[in-house]
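# A closer look at the structure
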Amino acid sequence: HHTYDETAIEDIDPSQDFDEAAIAAYRDARAEMSPDAAELGWTDEELLHALCATSRKEGRDVGTLCGALTFGNAVCLRRHFPLARVDYIRVPGREWVQDPEHRFQTVEMRGPLVTLISKVVSQVLDDIPKAFSLDEGAVRRRDIPIVPQKVIRELVVNALVHRNYRMRQPVQIIRYSNRIEFRNPGHSL
C-alpha cells in the first residue's frame, strides 16, 4: 500500500524530467548536515528510489508525485502541477486592495521544492525591515532582519510541505506594510 506522495506517474521519466541541479542541491544539503551519510555514495537512481522519488513500473523507473514535486524540472512541473507555485504578493498598506488603481505586485515562483524553498525565503527576507549592528572593531555593519531567517524558513517550508497538492491553487504569501500572511491550499495538518 502506497501513500499519495508515492503515487507513480507513468509518463515521468526521471532521466529526462528531473532537474540535475535539484538533485545536486539535495546532495549538498545532505552532505552539509551529515558529511558521512551513506546515501551520498549512492548513484542518483539509488538515491531517488530510496527517497520514494521514483518507482519501478514494468521494469523501468518512473517518477512519483513526491519525486516530481521535489526534483522535477520546469517542463515536468508545468505539465503535471501547473498551480504548484508560490505567489508572493506585495500589498501597499494594511488592507487588501486599498487603492483599486494600485492593487498589488505579484512575484510568481516555481521550481522543484528542494531549490524553491531557498528562493522563496530570500524573496521574503529581501522585503523584511532590517536593523543594523556594528560590531566592535568591524568596518562594515551587519543587517539583521527583524523577523529571524529561521522563522521565515520554517513558515515557507510549512506552507509548501503541508499544502494540499490535490487542490489546484498556489501557495500565497501576502506581504502588507505591517504583516505577512501565509496561505496554503487545504488545511493545516
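A few points on the structure. Quick caveat: nothing in here was measured; it's all calculated off a predicted structure.

Calculation rules
- Residues numbered from 1 in each chain as written.
- Predicted model: local features only at pLDDT ≥ 70, side-chain atom pairs only at ≥ 80, totals over all residues.
- Heavy atoms only, no water.
- Phe/Tyr/Trp six-rings, centres within 6.5 Å; stacked < 30°, edge-to-face > 60°.
- Helix = DSSP H or I, 4+ residues; strand = E, 2+ residues; numbered from the N terminus.
- Buried < 20%, exposed > 50% of the residue type's maximum accessible area, 1.4 Å probe, protein only.
- Core = buried A, V, L, I, M, F, W, Y, C linked by side-chain atoms within 4.5 Å.
- Contact = heavy atoms within 4.5 Å.

Turning our attention to the packing of aromatic side chains. According to the stated counting rule, one finds 2 aromatic pairs in the structure shown. Ring centres of Y26 and F71 lie 6.0 Å apart, and the angle between their planes is 80°; this geometry places the pair in the edge-to-face category. Residue Y26 is located in helix α2 (residues 20–33), and its partner F71 is located in helix α4 (residues 65–71); the two are separated by 45 residues in the primary sequence. Classification of F71 as buried rests on a relative accessible area of 3%.

On to the nonpolar core, then. Core analysis: the biggest nonpolar cluster contains 34 residues, and L69, F81, V86, V120, V156, L160 and I173 have the highest contact counts within it. Elements represented by at least two residues in this core include exactly α2, α4, α5 (74–80), β3 (86–90), α6 (113–127), α7 (149–161) and β7 (171–175). Per-element accounting of this core gives the leading share, 7 residues, to α6. In this view, V120 contacts V86, M109, V156 and I173; residues no more than four positions away in its chain are not counted.

We now examine unusual backbone geometry. Glycine aside, a negative phi is what most residues show, and trans is what most peptide bonds show. One non-glycine residue, C52, adopts positive backbone phi at about 60°. Here C52 is to be found in the loop between α3 (44–50) and β1 (54–57). The exposure class of C52 is partly exposed, given its relative accessible area of 29%. A positive phi angle is found at E58, which is not glycine, with a value near 50°. Residue placement: E58 occurs in the loop between β1 and β2 (60–63). By relative accessible area, E58 is classed as exposed at 83%.

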